[in-house]
Amino acid sequence: MNQPEVIAKPWPALWALVLGFFMILVDSTIVSVATPAIIEDLDADINSVVWVTSAYLLAYAVPLLITGRLGDRFGPKNLYLVGLVIFTLSSLWCGVAGDIEWLIVARVVQGLGAALMTPQTMAIITRIFAPDRRGAAMGLWGATAGVATLVGPILGGLLVDGPGWEWIFIINVPVGIIGFVLAWRLVPSLTTHAHKFDILGVVLSGVGLFLVVFGLQEGETYDWGVITGFITVPLLIIVGVVVLIAFVVWQAVQKGEPLLPLGLFRDRNFSLANIAITAMGFVITGMVLPLMIFFQSVRELTPTQSAFMLIPMAVISGGLAPVVGKLVDRVNPRYIAGTGFAFLAIALFWFGSMLSPDVPIWMLLFPAALLGLANAGIWAPLSTTATRNLPMALAGAGSGVYNTTRQIGAVLGSAAIAALMQARITAEVGASAAEGGSQFGGGTMPDAIADGFSAAMGQAMFLPAAVALIGLVAALFFAKPTPRAWSKPADVVEETVASV
């Protein structure tokens, strides 16, 4: 079936999904603010606490291809609800964990719950909104993705400074219960599509993604050298890439039903949108770390105050997203996304050139505001462009691919920015400062190194700025949508899908 199963009132269903989607994305960034408190309360070392975030991101990123396809087979609503239950219960587990090891295990389970949920949100939007009305829906979905990455540190700071770090997880429990009730009642049960599961494809994709993501994410921890015995970080990544190549070859030659339908990439806009969202994942992850370190280490702001510096971005992005979403249904997304990526690159170069110990704090709010304009112009056009031509039977598979590339971009951004910051601190300040860079918190930084440290953080910002230009190029090559898809009203199927 290639026609959307358009329902009479899709917006309540979308809002129910957005609540859960927002929650799982907030948990990707919320832990960073709580790191010192977790170290002190659980008597843990810094490497162990890093795994509290790394374990979640790994468990979240690796299964996305598979969980997207499971949604096609067993119904996206069913997979979403199962994932939400797992996520909510594991959040409670995180909050009551008595030691760092159990907290890490609970975060793995939480990441698996998030991986079950995420592809279903995008797949359901694709299936219940007509193509000419999908832009506004994807605008809300995109705004949620963009704002959640910024709300995480802000909310985390408030909770850590208030009831305690445990509440960054426990707060998910009532939200998860409300989200479950709303999704149960408001999200329609959509037609399932029989699929034969490609077991070898599942194994190859899971192993390959795990090795690559683990190597990139943890490379800095092992100084890009030996992990254990003869196993090194570069070897792990190389083996992972080889396994992923074998996975792609298998998808091309197997006679059954592939896990990843390579025909999806024959659609030019789907391929370009995946390149652009990979760049966006890289940029969003890569830009926050040097800014947070600068605000706390050089300007001596608290974690909460540092996160508040990005409020202009969150407010403007969230406010403009519905407007942009409606424009996407009427204007070629190429122009909106291209402008967004151009603003993104300009804002990041602007930030990088301004970071110094003497810059007035209020001046840094201007590039943050421009980031908000950029953010609003990127998410909705990309997601709409990626899903516009997807066959309904492959909505879950396409959503899984799109979200996987976004997460891989985020991992690449995290690994690359960490390596670049250390290299620039060494160049600007000296090797001893680079080795101790992770110890700079919200205290006072000696004047002798503040200038060099600020310069290093500013130079690091130029990397995500450059990657934003890759997204710009991809967006500019979007094929023009057909008039029916983006400028003329489409025939709406007045079919209300039964809701359980």
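None of the values given here were measured: they were computed from a predicted structure.

About the thresholds
- Residues numbered from 1 in each chain as written.
- Predicted model: local features only at pLDDT ≥ 70, side-chain atom pairs only at ≥ 80, totals over all residues.
- Heavy atoms only, no water.
- Helix = DSSP H or I, 4+ residues; strand = E, 2+ residues; numbered from the N terminus.
- Buried < 20%, exposed > 50% of the residue type's maximum accessible area, 1.4 Å probe, protein only.
- Contact = heavy atoms within 4.5 Å.
- Expected span 1.5 Å × (residues − 1).
- Arc of directions from axis to C-beta.
- Polar contact = N/O pair within 3.5 Å; in protein donor to acceptor, adjacent residues only side chain to side chain.
- Salt bridge = Lys/Arg side-chain N within 4 Å of Asp/Glu carboxyl O.
- Core = buried A, V, L, I, M, F, W, Y, C linked by side-chain atoms within 4.5 Å.
- Phe/Tyr/Trp six-rings, centres within 6.5 Å; stacked < 30°, edge-to-face > 60°.
- Lys NZ or Arg CZ within 6 Å of the ring centre and 35° of its normal.

Enquirer: Requested: an account of the overall build of the protein, with residues and values cited.
Expert: Check the secondary structure of the protein and you find 21 helices and two strands. Every one of the 500 residues in the protein was classed for burial, and the buried ones make up 57%. Within the protein, counting contacts between residues at least 6 apart in sequence, those at least 24 apart form 85% of the total.

Enquirer: Describe helix α11 (residues 233-253), with residues and values.
Expert: End to end, α11 covers 31 Å across 21 residues, agreeing with the expected 30 Å (1.5 Å per residue, within 8%). If you check which residues of α11 are buried, you get V233, L236, I237, G240, V243, F247 and Q251. One face of α11 carries all of its buried residues, which in axial projection span an arc of 125°. Exposed and oriented more than 90 degrees from the buried face of α11 are I238, I245, A252 and V253. Against α4 (64-74), α10 (199-218), β1 (226-228) and β2 (231-232) lie the buried residues of α11. Two or three places before L235, at the start of α11, stands the capping residue T232, its side-chain oxygen 3.2 Å from that residue's backbone nitrogen.

Enquirer: Go over the pattern of salt bridges, please, and point to the residues and values.
Expert: Applying the stated criterion across every chain, the model contains two salt bridges. For D27, the salt bridge is made with R107, and the minimal N-O distance between the two is 3.5 Å. In this pair, D27 sits in helix α1 (residues 10-29) while R107 sits in helix α6 (residues 100-128), placing the two residues 80 residues apart along the sequence. According to the relative accessible area criterion, D27 is buried, its value standing at 1%. Residue class for R107 comes out buried when judged on its relative accessible area of 0%. A salt bridge links E428 to R424, with the nearest nitrogen and oxygen atoms 3.5 Å apart. Separated by four residues within a single helix, E428 and R424 lie in helix α18 (residues 395-428), roughly one turn from each other. Its relative accessible area of 27% is what places R424 among the partly exposed residues.

Enquirer: Mind laying out the nonpolar core, listing which residues take part and the relevant values?
Expert: With 123 residues, the main nonpolar core has I38, I100, L103, F341, L344, L364 and L382 as its most contacted residues. The dominant element in this core, judged by the number of residues it contributes, is helix α12 (residues 268-298), at 17 residues. When near neighbours in sequence (up to four residues on either side) are disregarded, I38 contacts V31, D43, V49, I100, L103 and W165. If you look at the next biggest cluster of nonpolar residues, it comprises 11 residues, including L58, L211, F214 and L236.

Enquirer: Provide a residue-level description of unusual backbone geometry, including the pertinent values.
Expert: Positive phi, close to 60°, is recorded for E300, a residue that is not glycine. Here E300 shows up in the loop between α12 and α13 (303-308). Residue classification places E300 among the partly exposed positions, given a relative accessible area of 40%.

Enquirer: Any chance you could break down α1 for me, citing the residues and the numbers?
Expert: Taking 1.5 Å of rise per residue, the 20 residues of α1 would be expected to cover 28 Å, and the 30 Å separating its terminal C-alpha atoms lies within 8% of that figure. Counted residue by residue, α1 has 14 buried out of 20 residues, so it is predominantly covered.

Enquirer: Any chance you could break down the packing of aromatic side chains for me, citing the residues and the numbers?
Expert: The full count for this structure, using the stated rule, is 10 aromatic pairs. Here the aromatic rings of W11 and F129 are separated by 5.3 Å at their centres, their planes lie at 75°, and the arrangement is edge-to-face. Pair noted here: W11 is in helix α1 and F129 is in the loop between α6 and α7 (134-161), with a separation of 118 residues, a long-range link. When the centroid spacing of 5.3 Å and the interplanar angle of 65° are considered together, the rings of F265 and F270 count as edge-to-face. By relative accessible area, which is 33% here, F265 ends up partly exposed. Residue class for F270 comes out buried when judged on its relative accessible area of 1%. Its guanidinium or amino end placed over the ring of W184, K77 lies 5.7 Å from that ring's centre, counting from NZ or CZ.

Enquirer: Describe the environment of T67, with residues and values.
Expert: Here T67 lies in helix α4. Accessibility expressed as a relative area gives 5% for T67, which makes it buried. Taking C-alpha positions, T67 is 8.7 Å from T118, a pair spaced 51 residues apart along the chain. With near-sequence residues (within four places) excluded, T67 lies in contact with A115, L116, P119 and Q120.

Enquirer: Describe in detail the environment of S356, supporting the description with residues and values.
Expert: Within the secondary structure, S356 sits in the loop between α15 (333-354) and α16 (365-376). Apart from the residues within four sequence positions on either side, S356 is in contact with F294, R299 and S454. Within polar-contact distance, the side chain of S356 engages the backbone nitrogen of V359 at 3.3 Å.

Enquirer: Break down the side chain of N403 for me, citing the residues and quoting the values.
Expert: Tracing the backbone shows N403 in helix α18. Using a relative accessible area of 0% as the deciding quantity, one classes N403 as buried. Within the local environment of N403, its side chain forms a polar contact with the side chain of R406, the two groups lying 2.8 Å apart. If we skip the residues at most four places from it in the chain, N403 touches L64, T118, P119, M122 and W141.

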